[in-house]
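# Structure assessment
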Amino acid sequence: DKDYTKVYYFLKDIGLSENYITNLRKVSGYILINGKVATMASQLKANDVLSINSSPNDKTNVQPCDIPLDIVFEDEHLLIVNKPSGLSCMPNRSHYTNNLAGAICHYMRKADNFTLRIVNRLDKDTAGLIIVAKDSIAYQKIKDIDKTYFALCKGKIDTDIEINRAILTLQNNGINDQKRIVSEDGKPAITYVKPVIFNQKYSLIKAKIQHGRTHQIRVHLSSIGYPLLGDELYGEKSEIISHTALVCKEISFVHPITLKSLNFTIPFPTDFQAAINEIFK
């Protein structure tokens with residue numbers, strides 16, 4: 001809607017990162033003005049049509065795996081899936097050929113130069129909603145995602161709780177350990193807990209987090225004496241459920257391209273619902 005002396009200034013003005021812009025420079029033809037090849041130094045005038053490659057990064061080198069995806073939403077910019085418990089988000093030594101990243105790459109195998117961009121990751125044992133951006137612009141512009149988690153924990157929680165405790169990643173010989181702890185030397189983290197239903201032994205709670213530290217809800221609840229059911233790292237094994245009882249059940253955000261407000265809610269996983277029925281029967 002106005003003139004720009006350079007394409008570069010326009011791209012910075014709409015919030016694209018320097019890294020993204022650098023990748024656009026690498027190949028001729030990634031930038032078009034009114035259908036003609038242009039560069040970062042080209043001038044833009046009001047009413048010009050600017051076209052740019054939405055995925056200038058290299059194709060993701062993850063081994064595809066044919067695992068069915070529970071797709072909650074999809075358009076040309078976003079893919080939202082319901083990840084089951086027990087599925088790692090990314091490849092690792094024990095889940096190199098059986099992970100969500102590989103499943104997504106298999107699903108998107110027909111797309112040209114698909115680069116995997118998972119917006120919000122979940123622990124392997126945590127079920128729930130995960131957002132995947134199909135292009136760089138959507139990935140950079142998606143912000144302020146409101147996530148609501150539900151968890152089953154030991155102990156009676158009958159009032160709202162705000163847990164404001166820094167979380168520290170432990171290290172072993174300079175390598176990050178799996179476990180995190182509450183420590184003044186850690187990074188800021190706040191968890192807001194609200195009871196949903198409870199008895200003398202257990203509580204179903206919903207939680208929202210600031211900062212999103214690794215294992216934040218698990219660390220925080222355990223630190224105040226309410227470890228999550230089935231969480232063997234911060235609590236103990238449970239006969240009621242075979243894994244950490246945590247699910248990202250609801251997400252809300254503004255679509256980065258259409259600017260429409262979106263909200264998604266999934267049912268509790270079958271074993272999570274069975275645990276609720278058992279505890280509060």
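Now for a look at the structure at hand. (Residues numbered from 1 in each chain as written. Predicted model: local features only at pLDDT ≥ 70, side-chain atom pairs only at ≥ 80, totals over all residues. Heavy atoms only, no water.)

## Thoughts on the overall build of the protein
Assigned secondary structure in the protein consists of 6 helices and 14 strands. Its C-alpha atoms give the protein principal-axis dimensions of about 70 × 45 × 40 Å. Across the protein, contacts joining residues at least 24 apart in sequence account for 64% of those joining residues at least 6 apart. Within the structure as shown, the protein displays about 15,100 Å² of accessible surface, and the carbon and sulfur contribution to it stands at 46%. Taking the average place of the 35 positive charges on the side chains of the protein and the average place of its 30 negative ones, the gap between the two points comes to 3 Å. (Helix = DSSP H or I, 4+ residues; strand = E, 2+ residues; numbered from the N terminus. Contact = heavy atoms within 4.5 Å. Areas by Shrake-Rupley, 256 points an atom, 1.4 Å probe, with all protein chains shown as cover. Lys, Arg positive; Asp, Glu negative; His and termini not counted. Charge placed at Lys NZ, Arg CZ, Asp CG, Glu CD.)

## Things to note about the pairing of strand β7 (residues 146–154)
Direction of pairing for β7 relative to strand β13 (residues 246–254): antiparallel, over a ladder of 6 bridges. Residue pairing for β13: Thr 148 is matched across the bridge by Glu 250. Sheet topology note: the β7/strand β12 (residues 202–210) ladder contains 6 bridges and is antiparallel. Looking at the pairing, Cys 153 lines up with Ser 203 of β12. (Pairing = 2+ DSSP bridges.)

## Notes on helix α3 (residues 100–107)
Buried residues dominate α3, accounting for 6 of its 8 residues. For α3, the complete set of buried residues consists of Leu 100, Ala 101, Gly 102, Ala 103, Ile 104 and Cys 105. Turning to α3, the residues buried within the fold contact β5 (78–83) and β6 (127–133). (Buried < 20%, exposed > 50% of the residue type's maximum accessible area, 1.4 Å probe, protein only.)

## So, the sheet that holds strand β3 (residues 50–52)
Strand order across the open sheet formed by 3 strands is β2-β1-β3, with antiparallel pairing between neighbours. Each end of this open sheet is capped by a strand with a single partner; those strands are β2 (36–37) and β3. Sheet topology note: the strand β1 (residues 31–33)/β2 ladder contains 2 bridges and is antiparallel. Across the sheet, Leu 32 pairs through a bridge with Val 37, a residue of β2.

## Describing the layout of surface pockets
Empty space within the largest pocket amounts to approximately 950 Å³. Together, 39 residues line the largest pocket, and Leu 122, Asp 123, Lys 124, Thr 214 and His 215 are the ones closest to its centre. Secondary-structure elements contributing two or more residues to the lining of the largest pocket are β7, β10 (175–182), β12 and α5 (216–223). (1 Å grid on protein atoms, 1.4 Å probe; cavity = no way out; pocket = protein on both sides within 12 Å on 5 of 7 lines; lining within 4 Å. Points joined across faces, edges and corners; volume = space filled by probe spheres on them.)

## Notes on unusual backbone geometry
Of note, the phi angle at His 215 is positive, near 65°, even though the residue is not glycine. A positive phi angle is found at Leu 259, which is not glycine, with a value near 65°. Relative to the elements of secondary structure, Leu 259 occurs in the loop between β13 and β14 (261–265).

## So, the nonpolar core
Among the nonpolar cores identified, the biggest contains 54 residues, and Ile 104, Leu 152 and Phe 253 are the most heavily contacted of them. Tallying contributions element by element places β6 first for this core, with 6 residues. Formed by 14 residues, the second largest nonpolar core is a distinct cluster that contains Leu 16, Ile 21, Met 40 and Leu 44. (Core = buried A, V, L, I, M, F, W, Y, C linked by side-chain atoms within 4.5 Å.)

## Concerning helix α6 (residues 270–279)
Taken residue by residue, α6 has Phe 272, Ala 275, Ile 276 and Ile 279 as its buried positions. Buried residues along α6 cover an arc of 100° about the axis, so they all sit on one side. (Arc of directions from axis to C-beta.)

What is shown is where atoms sit, not what they do.
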